[in-house]
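Results of the structural survey
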Amino acid sequence: MSVTDEIYQDLILHHSRRPRHYGPLPDATHAAAGDNPLCGDRYEVRLRLDEKSIIRDAAFEGSGCAISKASASLMLDTVIGLSRDEFEELFRTFHALVSGETPSPEAVAQLGKLAALSGIWKYPARVKCAILCWHAVHSALAGQAHASSEEEFASNSL
Amino acid sequence: MSVTDEIYQDLILHHSRRPRHYGPLPDATHAAAGDNPLCGDRYEVRLRLDEKSIIRDAAFEGSGCAISKASASLMLDTVIGLSRDEFEELFRTFHALVSGETPSPEAVAQLGKLAALSGIWKYPARVKCAILCWHAVHSALAGQAHASSEEEFASNSL
Amino acid sequence: MPCWTAVFLLAMTNNSTSDVLLPATIREQFACLREGGSQPPLVYLDSASTALKPDGVIAALTDYYRNMPANIHRGLYPMSEAATAAFEAARATVQKFINARESREIIFTSGATDAINLVARGFGDGLRAGDEVLITGLEHHANIVPWQLLRERRGIVLRVVAMDAQGDVPLDAFRAALNGRTRLVAFTAISNALGTELPVAEMIESAHAVGATTVVDAAQAVACRRVDVQKWNCDFLAFSGHKLFGPTGIGVLYAREALLQAMPPVKGGGDMILSVTFERTTYNELPHKFEAGTPPIAQAIGLGVATEWVTALGFDQIEAHERVLVDAALKQLEALPGVQIIGRPGKRRSIISFTLDGIHPHDVGTILGEDGVAIRAGHHCAQPAMEHFGIPATIRASFSVYNTLADVKALIVGLRRVQEIML
Amino acid sequence: MPCWTAVFLLAMTNNSTSDVLLPATIREQFACLREGGSQPPLVYLDSASTALKPDGVIAALTDYYRNMPANIHRGLYPMSEAATAAFEAARATVQKFINARESREIIFTSGATDAINLVARGFGDGLRAGDEVLITGLEHHANIVPWQLLRERRGIVLRVVAMDAQGDVPLDAFRAALNGRTRLVAFTAISNALGTELPVAEMIESAHAVGATTVVDAAQAVACRRVDVQKWNCDFLAFSGHKLFGPTGIGVLYAREALLQAMPPVKGGGDMILSVTFERTTYNELPHKFEAGTPPIAQAIGLGVATEWVTALGFDQIEAHERVLVDAALKQLEALPGVQIIGRPGKRRSIISFTLDGIHPHDVGTILGEDGVAIRAGHHCAQPAMEHFGIPATIRASFSVYNTLADVKALIVGLRRVQEIML
Ligand SMILES: Cc1ncc(COP(=O)(O)O)c(C=O)c1O
Ligand SMILES: Cc1ncc(COP(=O)(O)O)c(C=O)c1O
């Protein structure tokens, strides 16, 4: 398997070149920035939730590598219509997938086109790219303004 | 060559067991302590110089290994009767000898019985033992109260 | 080593212990113990200073330097990813080895000394004048001088709980030295100078009872007993790779995650930051916050292999093996006229300090060295402990997994020769 | 490598340069460059991150670990004396390598980062609020964050002299930033992010003219040019072993003896003291005062061999060799549509940073990695330099003694493939 089979497949390249849900979302109810200072990737994710906390619309903007962009594009395609809890479950499944674990076939089915990113676990330095905007959505839903691809964002600074 | 040929020869053992010039020197004009804190060796060297700065008598006291003791005993045997300058020259020759350099035959002849310590350079950790009391005599002649086997005695302390 | 095996087996007092002792084949893994490896054959009784390295550890280093000599973290090509994976796997191995909760509680340092100094800066610099740091009378200089330097910087009070005539630190004296101002308690699990094993868990419990934070110097302990930071419940723990059959240039600081989160970084540089501008810098997550710059990559990988090697031997076996050796050595030393054993601790590990009447330890060291018997003579970086016994230096024999009863014998024979020459 | 040699010779523009270029046989000394050593064959263009290790360096490490794995200093048996002699010989070798006056001016650290942090603690902590530390806009984080941490501790003012649009630090801007409050000036000799070489001697002269002390970060410089601390007249100089074909876990701080004498020790422990009581401790002589604990013994020995290896190649040859490579690479990169070279310094060493239009550097790194082409993509621990050019990251190719024109070609071919895939 080559890198073009495992990562840079047509689907991923397509979504990275022409990401869906890319742009502003004027009537957003939730938003968060997601950035990976180590790569310089930086995104803004915006969500509109209804009163039942269902994600009704979503959009993202920013810059980064093909993987982070394609992952954001595919993810927003999938999460519109989901509840908070459904998103969190999907995130767990996706996280397992890109970490090289083998989720159940049903779980994978749930991921739909996102399964295209499954090969990324063989490139551990790139896993953080794939999950960056997922962290941002997670933060937005939790009412936090900021997310980082680093598991724990150190808050000390000088 | 074994260690009993190179270091622990009869002459050295004899001088370490029954060092000459061992004890106090009530009419000393110069004195200095010599210690190697790393070994725990600690000696007091005392000299009596006449008005022409000739070493007229000398003695040492203290504790340490066989090499430091024998070297002190043999050295004092040799330096009584020498001037300051003559001592310094002898020290340089001895230092060269125990560092593994090859002094001229005349120089070695000057050292007399001290040449017995020439094998010590093969045991670099012990060279400092052999020259400890030499440093003390040097310090005493220079009017300093203290010498150390370490080339530079760090003065900072806390 | 056929004669070695014979002596070894012969000397065992009862057959039922034979199965808990280490196999003689261990020696085959150490180049300088192999037939022809040293001339004269090496009788290595200085493992408390540094341990010999098994072939597997050396092979791991060579493998890194030959096959994946890349820098780690953020390298995108396979060789760098392989090196990163090996380095982080070593961290996880060390975590398991001391039973830490999280791998991010394992900070790679350059050695035990570096690890203790990291605590003295990172935690110690947060103390204030009048706060007390308590150590014991048998500490290695590595666990004394950093606190003296801290005293200079911060005006803390450095208190010392003395050992008794045996070379033990009595628990009641230790407890009496604790008080409401005690902020930090730092002590060694096993004395490198005397072999004393301290009651670590009890001391930590008492220290915690007055609200103090604890530092365990496990430099000696890791190689000769199972160290479990959760069982000991210590807050910091330090050790070196080179005493654990691993490479030089690597050590470990274990610290509770909450302490590491609260501590400021001690060194600045690459990898310990998330983002840098000249005005504002954000630190990286644990453990990277405390690992500035290119870490000791090969050495961490080598240390990982070393801990796995020790674990595979099994600490039950190691303890039993060393017990046989140290008991035999004590008995045979006591039978030798002129030997004074320094320290008679209640619980001794595989270290014995002693003197020979009328002979300076350094002369002993030089003469034994000629016979291939490697012991250490000196103050063992524990001058206050020497002073306690009123002596400047001792002869120290320390035993490890590759030693045999033949080594004990060689020591005794060598000491007799020293006496013949010197007395 | 027959094809490699052919390409190499063919591509040389005139025959008279051939005798100053390095022999192709050098590659045979590196396991992962040898035929069959890597699959696909390795095109290693990341030497600015860490250099590959020649067999001789690895052999020196193995020799220590197998044949004299003893601790140093004060061991009385032959194996320890041999290790001590080898360790101190390595110090003398390093001294010669950078032309220091005395071997005691060579302090072994765990790396360049550790060395700079040692200066920040040992010298920096002697500064006072309002004193100025001057650095440049193209520093590595290792030469930024220690001064920010010092700013936190001591209230010094950290000033930065910006680079220009080319990626150079103009001498007049540098001089204008100096003033009577400037106590310390710290800068890199060669930028790891852009390849810029700074006018070190002139900068030091100007810094000295206002009475400032100077720190040269020679992490990149030592592998690609002759470094002479007396010619530069610098006060401190730092570098790492691993970028100089040596082991990880070792670095060097050179410092003028008078500075080291005046500085307090930064770490406490064994070997850095002469005598310890709980009340009073006396420090050891140089260099030991700054080398607390068991030093990186194997690594120092390995570094000594590495410096001898580089010296034997000869810096005239190395410079000429790398000049050919970097010139060819620049030319071929410029001919590739969509390539933007980042930084056009007046004097460039063997590092080129660039971007590809429309493709993120990390995607480039991953795809090239598959072809065996190892470049680095990212901010290269020089975020402020990246920010200066308004980009988060670059692709960086760096060249060393074992690289060839075939490697340059492989990079270009690989970049074309990246464009085919991604655009
Ligand atoms: C210019 C420069 N300074 C300092 C360093 C830090 O070196 P180390 O990570 O080996 O401590 C580097 C390494 O990337 C560098 O390139
Ligand atoms: C009890 C103890 N603590 C600390 C140390 C220091 O270890 P290192 O020199 O490896 O830093 C030693 C090593 O002699 C030791 O025995």
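Residues numbered from 1 in each chain as written. Chains lettered and ligands numbered in written order. Predicted model: local features only at pLDDT ≥ 70, side-chain atom pairs only at ≥ 80, totals over all residues. Heavy atoms only, no water.

**Brief notes about the overall build of chain A**
- The secondary structure content of chain A amounts to six helices and four strands.
- Listing every helix and strand of chain A by position from the N terminus yields α-α-β-β-β-α-α-α-α-β.
- For 158 residues, the compact-globule estimate of 2.2 N^0.38 gives 15 Å, and chain A sits close to it at 15 Å.
- With the C-alpha coordinates aligned to their principal axes, the bounding extent of chain A is approximately 45 × 45 × 30 Å.
- Put simply, chain A has 158 residues, and 55% of those count as buried.
- For chain A, restricting intrachain contacts to residue pairs at least 6 apart in sequence, the fraction spanning at least 24 positions comes to 57%.
- Accessible surface, chain A as shown: approximately 6,600 Å² in total, 49% of it carbon and sulfur.
- In chain A, 15 side chains carry a positive charge and 21 a negative one; their mean positions are 5 Å apart. (Helix = DSSP H or I, 4+ residues; strand = E, 2+ residues; numbered from the N terminus. Rg over C-alpha atoms; globule rule 2.2 N^0.38 Å. Buried < 20%, exposed > 50% of the residue type's maximum accessible area, 1.4 Å probe, protein only. Contact = heavy atoms within 4.5 Å. Areas by Shrake-Rupley, 256 points an atom, 1.4 Å probe, with all protein chains shown as cover. Lys, Arg positive; Asp, Glu negative; His and termini not counted. Charge placed at Lys NZ, Arg CZ, Asp CG, Glu CD.)

**A look at the domain arrangement of chain C**
Residues and elements named next belong to chain C.
- Domain annotation for chain C reports domain 1 (3-53 + 314-422) and domain 2 (62-311).
- Relative placement of domain 1 and domain 2: their C-alpha centres are 28 Å apart.
- Counting residues at the interface gives 39 residues for domain 1, matched by 35 residues for domain 2.
- Counting the surface lost from both domain 1 and domain 2, the interface buries some 2,800 Å², and carbon and sulfur atoms represent 56% of this.
- Looking only at domain 1, the three residues that lose the most surface to domain 2 are F315, R349 and C381, adding up to 23% of its buried area.
- For the interface between domain 1 and domain 2, the tally reads one salt bridge.
- Notably, a salt bridge pairs E197 with R349, separated by 2.5 Å at the nearest N-O pair. (Domains from an automatic or database assignment. Buried area = accessible area lost by both parts, 1.4 Å probe. Salt bridge = Lys/Arg side-chain N within 4 Å of Asp/Glu carboxyl O.)

**Brief notes about the interface of chain D and chain A**
- Counting from both sides, the interface comprises 17 residues of chain D and, opposite them, 20 residues of chain A.
- Summed over both sides, the interface of chain D with chain A buries roughly 1,400 Å², with 60% coming from carbon and sulfur.
- Connecting chain D to chain A are one salt bridge.
- The residue R126 of chain A makes a salt bridge to D363 of chain D at a minimum N-O spacing of 2.9 Å.
- Counting the contacts that link chain D with chain A gives nine residue pairs in polar contact (both at pLDDT 80 or more).
- Those elements that provide at least two residues to the side of chain D that touches chain A are helix 5 (145-154), helix 13 (361-370) and helix 15 (405-422) of chain D.
- The biggest single contributor to the side of chain D that touches chain A is helix 13 of chain D, with five residues.
- Considering only residue class, the side of chain D that touches chain A consists of seven nonpolar, six polar and four charged. (Polar contact = N/O pair within 3.5 Å; in protein donor to acceptor, adjacent residues only side chain to side chain. Nonpolar A, V, L, I, M, F, W, Y, C, P; charged D, E, K, R; others polar.)

**A word on the interface of chain D and chain C**
- If you look at the interface, chain D gives 88 residues, while chain C gives 88 residues.
- Here chain D meets chain C over a buried area of about 6,500 Å², counting both sides, of which 60% is carbon and sulfur.
- Of all residues in chain D, the largest losses of buried area upon contact with chain C belong to Y65, L76 and F278 of chain D, amounting jointly to 13% of the total for that side.
- Remark: the boundary between chain D and chain C carries two salt bridges.
- Here D114 of chain D ties to K267 of chain C by a salt bridge, and the two come within 2.9 Å at their closest N and O atoms.
- Inspection of the chain D/chain C interface yields 32 residue pairs in polar contact (both at pLDDT 80 or more).

**Concerning the sheet that holds strand 8 (residues 251-255) of chain D**
Residues and elements named next belong to chain D.
- Taking strand neighbours across the sheet as the criterion, the seven strands line up as 2-8-7-6-5-3-4 in an open arrangement whose pairing is mixed. Both edges of this open sheet fall to strand 2 (106-109) and strand 4 (157-161), since each of them pairs with a single strand only. When the angles between neighbouring strand axes are averaged without regard to direction, this sheet yields 20°.
- Relative to strand 8, strand 2 is paired through four bridges, and the arrangement is antiparallel. Its bridge partner being in strand 8, I107 is matched across the sheet by L253.
- Relative to strand 2, helix 3 (residues 78-97) is tilted by about 115°, and along the sheet it contacts strand 2, strand 7 (236-240) and strand 8. (Pairing = 2+ DSSP bridges. Axes fitted to C-alpha atoms, helices over the stretch in contact; angles between N-to-C directions.)

**Description of the site of ligand 1**
- In the region of ligand 1, 14 residues are neighbours, and T113, D217, S240, H242 and K243 of chain D sit closest.
- Those residues lying near ligand 1 are distributed over chains C and D.
- Here a nitrogen atom of ligand 1 sits 2.5 Å away from a polar atom, N or O, in the side chain of D217 of chain D.
- At 2.8 Å from an oxygen atom of ligand 1 is found a side-chain nitrogen or oxygen belonging to Q220 of chain D.
- Against a free-state accessible area of 390 Å², the protein chains account for coverage of 94% of ligand 1. (Near = heavy atom within 4 Å.)

**Points about the confidence of the model for chain A**
- Across chain A, pLDDT averages 89, with 93% of residues at or above 70.
- For residues 150-158 of chain A, every residue scores under 50 in pLDDT, and the model assigns this stretch 36 contacts once sequence neighbours within four places are set aside. (pLDDT = per-residue confidence, 0-100.)

**Overview of the relation of the copies chain D and chain C**
- Relative to chain C, chain D is turned by 180° and slid 0.0 Å along the rotation axis, the superposed coordinates differing by an RMSD of 0.0 Å. Put plainly, the chains are arranged around a two-fold axis. For chain D, the residue whose C-alpha comes nearest the rotation axis is G249 of chain D, separated from it by 2.9 Å.
- Looking at the interface residues of chain D, 100% of them are also at the interface in chain C, so both copies use one shared face. (Least-squares fit on C-alpha atoms with pLDDT ≥ 70 in both.)

**Things to note about the packing of aromatic side chains**
- Taken as a whole and assessed by the stated rule, the structure comprises 34 aromatic pairs over all chains.
- Aromatic pair Y22 of chain B and F60 of chain B: ring centres 5.1 Å apart, planes at 85°, arrangement edge-to-face. One end of the pair, Y22 of chain B, is in the loop between helix 2 (10-17) and strand 1 (30-36); the other, F60 of chain B, is in strand 3 (residues 55-63), with 38 residues separating them in the sequence.
- Among the residues examined, F60 of chain B registers a relative accessible area of 0% and is labelled buried.
- Centroid distance Y44 of chain D to Y402 of chain D: 6.4 Å. Interplanar angle 55°. Geometry classified as tilted. Within this pair, whereas Y44 of chain D is found in strand 1 (residues 43-44), its partner Y402 of chain D is found in the loop between strand 15 (394-398) and helix 15, the two being separated by 358 residues in sequence.
- Classification of Y44 of chain D by relative accessible area gives buried; the value is 0%.
- On the basis of relative accessibility, which here comes to 1%, the residue Y402 of chain D falls in the buried class.
- Taken together, F30, Y44, F245, W309 and Y402 of chain C together with Y77 of chain D form an aromatic cluster joined through their ring pairs. (Phe/Tyr/Trp six-rings, centres within 6.5 Å; stacked < 30°, edge-to-face > 60°.)

**Things to note about the site of ligand 2**
- Among the 14 residues in the neighbourhood of ligand 2, the closest are listed as T113, D217, S240, H242 and K243 of chain C.
- Of the chains in the model, those with residues near ligand 2 are chains C and D.
- T113 of chain C is positioned with one of its side-chain polar atoms (N or O) 2.5 Å from an oxygen atom of ligand 2.
- The side chain of H140 of chain C places a nitrogen or oxygen atom 3.0 Å from an oxygen atom of ligand 2.
- Looking at the shell around ligand 2 residue by residue, the classes come out as three nonpolar, nine polar and two charged.

**As for the sheet that holds strand 15 (residues 394-398) of chain C**
Residue and element names in this part refer to chain C.
- The four strands lie next to each other as 11-12-15-14, forming an open sheet whose pairing is antiparallel. The two strands at the open ends of the sheet, each matched to only one other strand, are strand 11 (339-342) and strand 14 (376-378). Neighbouring strand axes in the sheet, compared pairwise and without regard to direction, differ in orientation by 35° on average.
- In the sheet, strand 14 pairs with strand 15 via three bridges, with the strands oriented antiparallel. Bridge pairing in strand 15 links A377 to I395.
- Sitting on the sheet, helix 12 (residues 315-334) is in contact with strand 11 and strand 12 (351-356), with an inclination near 10° to strand 12.

**Some details on the pairing of strand 3 (residues 55-63) of chain A**
Residue and element names in this part refer to chain A.
- When strand 2 (residues 41-49) meets strand 3, the two strands line up antiparallel, connected through eight bridges. Within strand 3, the residue paired with R42 across the bridge is S63.
- Taking the residues between adjacent antiparallel strands as the criterion, strand 2 and strand 3 are bridged by five residues, where S53 takes a positive phi near 65°.

**Notes on the arrangement of the chains**
- In this assembly, five pairs of chains are in contact, and the pair with the greatest number of contacts comprises chains C and D.
- Structurally, chain A and chain B remain out of contact, their C-alpha atoms never closer than 32 Å.

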